[in-house]
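A look at the structure
Listed below are the residues making up each chain.
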Amino acid sequence: MRASCILLCFFMFLAVSSAYPGKKKQYKPCKELVLYFHDILYNGQNAANATSAIVAAPEGANLTILAGQFHFGNIIVFDDPITLDNNLHSPPVGRAQGMYIYDTKNTFTSWLSFTFVLNSTEHQGTISFIGADPILVKSRDISIVGGTGDFFMHRGIATIATDAFEGDVYFRLHVDIKFYECW
Amino acid sequence: MRASCILLCFFMFLAVSSAYPGKKKQYKPCKELVLYFHDILYNGQNAANATSAIVAAPEGANLTILAGQFHFGNIIVFDDPITLDNNLHSPPVGRAQGMYIYDTKNTFTSWLSFTFVLNSTEHQGTISFIGADPILVKSRDISIVGGTGDFFMHRGIATIATDAFEGDVYFRLHVDIKFYECW
Amino acid sequence: MRASCILLCFFMFLAVSSAYPGKKKQYKPCKELVLYFHDILYNGQNAANATSAIVAAPEGANLTILAGQFHFGNIIVFDDPITLDNNLHSPPVGRAQGMYIYDTKNTFTSWLSFTFVLNSTEHQGTISFIGADPILVKSRDISIVGGTGDFFMHRGIATIATDAFEGDVYFRLHVDIKFYECW
């Protein structure tokens with residue numbers, strides 16, 4: 001009997017080893033958060049309210065007007081308030097900090113690399129993101145590459161959608177954060 | 001008998017827990033992709049063809065000529081075509097979007113942070129990369145820190161090699177993408 | 001008896017599957033490294049010694065003096081020596097390469113994205129980091145998002161602390177690297 005158990009256990013051992021990745025494949029988030037963030041781009045006249053600024057531009061462009069050719073080559077640094085709903089004036093639960101780049105010459109596309117710094121009664125910690133953002137597509141997936149605090153070692157996918165935009169000055173992103181690796 | 005199984009099972013449980021990382025250590029990719037991407041740097045005269053541009057430079061340098069001191073401090077934004085072979089004119093299967101920085105004063109070294117946006121019959125999804133790129137070394141490893149779509153939650157290592165370069169205007173990278181964590 | 005083992009094994013299988021994430025939650029590093037890195041910012045007069053340079057700035061600022069408003073919008077590119085102790089003149093064990101951004105208008109906060117390139121008898125490989133750095137806080141956690149070589153596929157958390165700073169020219173960071181995912 002013992003022998004049969006050893007044998008069984010051995011096969012089970014194999015099963016567990018190979019089954020684990022399958023387990024992860026279930027595509028069901030272990031944690032989910034929906035947040036908004038609000039970007040007000042400095043345009044030379046809104047210094048008091050602006051939460052972001054153009055800091056690099058291609059030859060011939062300047063730092064108060066987004067560059068021609070779909071803004072290709074602009075780097076924007078931001079420190080945007082994060083809110084639980086779509087109201088810019090709701091109490092912020094954290095800040096979205098980092099940069100985005102406009103990186104296509106024939107359509108509006110950006111590339112994002114930033115961190116959510118959450119500091120509320122509900123969440124304390126950071127979540128870092130990287131990804132391509134084809135702005136004109138309704139919803140886009142970017143990668144969550146790391147986290148700290150409440151999000152220690154987490155990884156996942158964030159689905160972002162432009163919730164509002166006003167000219168070249170204001171936009172609001174809806175961010176659906178789905179963690180698939182929680183610790 | 002039951003007791004012995006419990007005991008065995010318990011030890012097996014321990015074995016599985018600690019064996020799993022060992023399992024991962026096999027260094028065998030769960031998925032592999034070989035791709036090329038092509039970078040044509042804007043130099044003031046090739047606006048129509050250029051796929052990248054200098055957007056930041058150290059004091060004293062400009063945005064059409066790479067800076068002195070091994071280009072230290074230049075930031076280049078790119079949107080480069082990705083192909084299956086080494087021919088710039090092959091049908092692109094996606095775009096490499098992001099930035100690189102020249103970041104050493106006494107040799108050619110860059111630092112990369114970018115995303116492959118793949119959009120072909122074979123692959124739909126994104127792969128994001130970060131890493132140091134000691135350009136003069138034949139092959140260099142960078143980290144694959146996340147993926148979406150077909151590459152949902154993937155991680156791995158990309159080995160990059162300079163496949164061609166022409167002055168300061170054109171270079172082509174051979175990218176051997178090895179995923180070690182597939183979902 | 002066999003049946004009871006099958007049953008037990010089945011439950012154990014479930015236990016292992018769900019226990020594994022719990023196992024990871026032990027928060028005990030599988031590897032730890034403590035390193036220092038040293039940043040000497042170019043200020044127009046220290047070209048020979050400087051290891052970093054301002055390469056982007058908001059409107060109205062320049063590339064030899066950090067911008068007003070808590071340096072908001074400055075991007076600094078760096079190639080800093082890494083040492084085992086807090087002595088700038090100790091033999092370097094590698095280079096910290098990448099960039100940081102000052103990204104808040106009303107306090108000193110930066111956002112980091114960089115790679116440690118280690119090259120010593122003890123360690124060969126790279127470690128890549130991303131995260132928000134609230135500089136005035138004593139110790140801050142950032143994410144380790146990938147590694148190569150000796151740090152193949154590693155992930156973890158780095159706790160950084162400002163170990164020294166001299167005006168706007170020199171700072172030294174103490175970096176406590178804790179890997180929680182080793183391969």
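In the block above lies the structure referred to throughout.
Residues numbered from 1 in each chain as written. Chains lettered and ligands numbered in written order. Predicted model: local features only at pLDDT ≥ 70, side-chain atom pairs only at ≥ 80, totals over all residues. Heavy atoms only, no water.

The helix and strand tally for chain A stands at 1 helix and 9 strands. Starting at the N terminus and walking to the C terminus, you meet the elements of chain A as α-β-β-β-β-β-β-β-β-β. Burial status across chain A gives 58% buried among its 183 residues. Counting contacts in chain A only where the partners sit at least 6 residues apart, residues at least 24 apart contribute 48% of the total. When the accessible surface of chain A is totalled, it reaches about 7500 Å², and 57% of it is carbon and sulfur. (Helix = DSSP H or I, 4+ residues; strand = E, 2+ residues; numbered from the N terminus. Buried < 20%, exposed > 50% of the residue type's maximum accessible area, 1.4 Å probe, protein only. Contact = heavy atoms within 4.5 Å. Areas by Shrake-Rupley, 256 points an atom, 1.4 Å probe, with all protein chains shown as cover.)

Here we come to the pattern of salt bridges. With the rule as written, the count across this model stands at 21 salt bridges over all chains. Lysine 178 of chain A is the partner of aspartate 176 of chain A in a salt bridge, and the nearest nitrogen-oxygen pair spans 3.4 Å. Overall, the relative accessible area of 14% leaves aspartate 176 of chain A in the buried class. By relative accessible area, which is 22% here, lysine 178 of chain A ends up partly exposed. Where salt bridges share partners, they join Arg155 and Glu181 of chain A, Arg155 and Glu181 of chain B together with Arg155 and Glu181 of chain C into one cluster. (Salt bridge = Lys/Arg side-chain N within 4 Å of Asp/Glu carboxyl O.)

Following the sequence through the fold, serine 128 of chain B ends up in strand E6 (residues 124-133). Setting aside its immediate chain neighbours within four residues, serine 128 of chain B contacts Ile130 and Gly131 of chain A together with Phe114, Thr115, Ser143, Ile144, Val145 and Gly146 of chain B.

This part covers the packing of aromatic side chains. Within the structure shown, the criterion is met by 45 aromatic pairs over all chains. Relative to phenylalanine 116 of chain C, the ring of phenylalanine 37 of chain C has its centre 5.5 Å away and its plane inclined at 85 degrees; by these criteria the two rings are edge-to-face. Here phenylalanine 37 of chain C is found in strand E1 (residues 31-40), whereas its partner phenylalanine 116 of chain C is found in strand E5 (residues 110-119), with 79 residues between them in sequence. For the residue pair phenylalanine 37 of chain C and phenylalanine 116 of chain C, the accessibility class agrees, reading buried in each case. Ring pairs connect the aromatic residues Phe37, Phe78, Tyr100, Tyr102, Phe114, Phe116, Phe129 and Phe171 of chain A, which therefore count as one cluster. (Phe/Tyr/Trp six-rings, centres within 6.5 Å; stacked < 30°, edge-to-face > 60°.)

Residues and elements named next belong to chain B. Across the 10 residues that make up strand E1 (residues 31-40), a large majority, 7, are buried. Both E1 and strand E9 (residues 170-181) contribute to a ladder of 10 bridges, which runs antiparallel. Its bridge partner being in E9, valine 34 is matched across the sheet by aspartate 176. Inspection of the sheet shows E1 paired to strand E3 (residues 75-83) by 2 bridges, in the antiparallel sense. In the strand pairing of E3, tyrosine 36 is matched with threonine 83. (Pairing = 2+ DSSP bridges.)

Limitation: the analysis is restricted to geometry and does not speak to function.
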